[in-house]
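# Tertiary structure, described
Given next are the chains, with one letter for each unit.
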Amino acid sequence: MTNLKVHAPAPADLDGGLASLRGDCARMAPHWAAPEKIASRPVSPSLIHGVTVPATSARLLEAMPEYGN
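Only a predicted model underlies this, so the values are computations on that prediction, with no experimental measurement involved. (Residues numbered from 1 in each chain as written. Predicted model: local features only at pLDDT ≥ 70, side-chain atom pairs only at ≥ 80, totals over all residues. Heavy atoms only, no water.)

### Focus: the overall build of the protein
Regarding its fold elements, the protein presents 3 helices and 0 strands. Moving toward the C terminus, one meets the helices and strands of the protein in the order α-α-α. In the form shown here, the protein has an accessible surface area of approximately 7,400 Å², with 62% of it arising from carbon and sulfur atoms. (Helix = DSSP H or I, 4+ residues; strand = E, 2+ residues; numbered from the N terminus. Areas by Shrake-Rupley, 256 points an atom, 1.4 Å probe, with all protein chains shown as cover.)

### Some remarks on the confidence of the model for the protein
Summary statistics for the protein give a mean pLDDT of 77 and a share of 74% for residues scoring 70 or more. Per-residue pLDDT, averaged within each element of the protein, yields its smallest value for helix H3 (residues 65-68) (64) and its largest for helix H1 (residues 18-28) (87). (pLDDT = per-residue confidence, 0-100.)

### Looking at the pattern of salt bridges
The full count for this structure, using the stated rule, is 1 salt bridge. One salt bridge in this structure joins Asp 24 and Arg 27, with 2.3 Å as the shortest N-O distance. Residue Asp 24 and its partner Arg 27 are located together in helix H1, separated by 3 residues, close to a single helical turn. (Salt bridge = Lys/Arg side-chain N within 4 Å of Asp/Glu carboxyl O.)

Below is the structure:
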């Protein structure tokens, strides 16, 4: 047996604005299941090794008032 339901095509206006985006998100929300919350525990600083930060990223964070001071 053939399913003869026809779905409406996507709107041609891709720049529908914030209201259109919120409507799209509200329609899609029931399709996504939220993952179960996993409680993470703190890690001892002695176990963290091998982390490198590029100089450009370090300079960027250093220039931000909430991180650099």
